[in-house]
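Chain by chain, the residues:
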Amino acid sequence: MDFADIYPFLVALLIGALIGTERQRRLVEDKVRGVAGLRTFILISLLGCLSSTLAVHFGSGFAVASIAVFTLLVGVGYASSVSTLGRVDFTAAVAAVVTFALGMLAGIPDSMLLAVALSIITTWVLATRTVTHRYVEALSE
């Protein structure tokens, strides 16, 4: 084992940390309890990277199955959190699935830069919630 084997996981860790920091910041800013923050998003991205690494050994069907199972898990978690917390935060659920997919992408050597770029764009989209909401509210027919 050498650094090249661990490098995709380090990139995935940073992707999860970037998106997770934004989600954690949003929870603190809104003064609400959430189900997924910094640590969770790091783990989600690492799980995605692990899934793409295992797909090399078990075939592309493993990658498809892992993202399908993870999306189902997020859906169940989302439904549970809506009934428990009494608030709807579909963005967090979508961000979790996107983070998993970006972690998978980081595990593909030729797609690592794309994964990083998309994680920056994802974080920007999440961070500009207030601005985008104001923009949409200002629109008229």
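These figures come from a predicted structure and were not determined experimentally.

**Quick notes on the environment of T40**
Step number 1: Mapped onto the elements, T40 comes out in helix α2 (residues 38–58).
Step number 2: The exposure class of T40 is partly exposed, given its relative accessible area of 31%.
Step number 3: Distance in space between the C-alpha atoms of T40 and A96 is 8.8 Å, their sequence separation being 56 residues.

**A few points about the packing of helix α1 (residues 3–30) against α2**
Step number 1: For the pair α1 and α2, interaxial distance at closest approach is 7 Å and the crossing angle is 150°. By the angle between their axes, α1 is roughly antiparallel relative to α2. For the pair α1 and α2, the sense of crossing is right-handed. Between α1 and α2, the contacting residues are P8, F9, A12, L13, I15, G16, A17, I19, G20, T21, R23 and Q24 on the first element and L38, F41, I42, S45, L46, C49, L50 and T53 on the second.

**Some remarks on the environment of A93**
Step number 1: With respect to the element layout, A93 can be found in helix α4 (residues 90–106).
Step number 2: The sequence separation of A93 and F3 amounts to 90 residues, and the corresponding C-alpha distance is 32 Å.
Step number 3: Sequence-distant contacts of A93, defined by excluding residues within four places in its chain, comprise V74 and Y78.

**Points about the packing of aromatic side chains**
Step number 1: Inspection of every chain in the model, using the stated rule, returns 3 aromatic pairs.
Step number 2: Measuring from centroid to centroid gives 4.5 Å for F70 and F100, while their planes differ by 10°, and the two rings are stacked. Here F100 lies in helix α4 and F70 lies in helix α3 (residues 60–85), a separation of 30 residues in the sequence.
Step number 3: Here F70 falls in the buried class, since its relative accessible area comes to 7%.
Step number 4: Accessibility expressed as a relative area gives 0% for F100, which makes it buried.
Step number 5: Consider the rings of Y78 and F90, whose centres lie 5.3 Å apart with planes at 70°: the pair is edge-to-face. With Y78 in helix α3 and F90 in helix α4, this pair connects stretches of sequence that are 12 residues apart.

**Comments concerning the nonpolar core**
Step number 1: Ranked by size, the top nonpolar core spans 24 residues in total, and within it I15, I19, F41, I44, F70, A96 and A106 carry the most contacts.
Step number 2: Listing elements by their share of this core, those giving two or more residues are α1, α2, α3, α4 and α5 (112–127).
Step number 3: For this core, the leading source of residues is α4, giving 8 residues.
Step number 4: With residues near it in sequence (within four places) discarded, A106 still touches P8, V11, A12, I15, M112 and A115.

Basis of the calculations
- Residues numbered from 1 in each chain as written.
- Predicted model: local features only at pLDDT ≥ 70, side-chain atom pairs only at ≥ 80, totals over all residues.
- Heavy atoms only, no water.
- Helix = DSSP H or I, 4+ residues; strand = E, 2+ residues; numbered from the N terminus.
- Buried < 20%, exposed > 50% of the residue type's maximum accessible area, 1.4 Å probe, protein only.
- Axes fitted to C-alpha atoms, helices over the stretch in contact; angles between N-to-C directions.
- Parallel < 35°, antiparallel > 145°, perpendicular 65-115°, else oblique.
- Left-handed = near helix turned anticlockwise from the far one by under 90°.
- Contact = heavy atoms within 4.5 Å.
- Phe/Tyr/Trp six-rings, centres within 6.5 Å; stacked < 30°, edge-to-face > 60°.
- Core = buried A, V, L, I, M, F, W, Y, C linked by side-chain atoms within 4.5 Å.

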